[in-house]
Amino acid sequence: MIKWAGRLLAFIGAVHLLVGLLLSRSYFGDWLFLRLWGHWWEDTRAANAFWGSPAGFGLPLFVIGLLVTWMDRRGITPPVFLPWVVLPWTVVCTVSVEPSPAPLATAASVLLLVGVRRSARPAGS
């Protein structure tokens, strides 16, 4: 369960990041020249694209998925706080974002939680 949760989280994160970067490539110049905001209180389209892609959901989810996969390959059980942090994060995204792969990330978070809890149990119980 832990292995598949990690793989799924890494996959969702990578796809989110790559698709986001592809869709926002017209703003790369604005990002490089720090033209993200009109005034401090209003975002520009470049800022919205920035927060939705490289500074958004994808990269941290990708790193978490890689970390979980790395730990699993070494026989290390991820700490129980990890799925308890990722689960509400993905649930909020599932509820608040229009159709997206967030429900799949929530399912991966549940898999991770169940896998971590099963690994923490003593053998034979």
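Every value quoted in this text rests on a predicted model; they were computed, and no experiment measured them.

Draft legend 1. Fine view of helix H5 (residues 81–96). With 16 residues, H5 extends 23 Å from end C-alpha to end C-alpha; this agrees with the ideal 22 Å at 1.5 Å per step. Taken together, the buried positions of H5 are occupied by Leu 82, Pro 83, Val 86, Leu 87, Thr 90 and Cys 93. Along the long axis of H5, the arc covered by the buried residues comes to 135°, so they all point the same way. Of the residues in H5, the exposed ones pointing more than 90 degrees away from the buried face are Phe 81, Val 85, Val 92, Val 95 and Ser 96. Residues of H5 that are buried make contact with helix H4 (58–73) and helix H6 (102–120).

Draft legend 2. Geometry of unusual backbone geometry. The phi torsion at Leu 34 lies on the positive side, around 55°, for a residue other than glycine. Classification of Leu 34 as exposed rests on a relative accessible area of 71%.

Draft legend 3. Geometry of the confidence of the model for the chain. Confidence in the prediction for the chain averages 89 pLDDT; 94% of positions are at 70 or higher. Mean pLDDT across the elements of the chain ranges from a minimum in strand S1 (residues 37–39), with 66, to a maximum in H4, with 96.

Thresholds applied
Residues numbered from 1 in each chain as written. Predicted model: local features only at pLDDT ≥ 70, side-chain atom pairs only at ≥ 80, totals over all residues. Heavy atoms only, no water. Helix = DSSP H or I, 4+ residues; strand = E, 2+ residues; numbered from the N terminus. Expected span 1.5 Å × (residues − 1). Buried < 20%, exposed > 50% of the residue type's maximum accessible area, 1.4 Å probe, protein only. Arc of directions from axis to C-beta. Contact = heavy atoms within 4.5 Å. pLDDT = per-residue confidence, 0-100.

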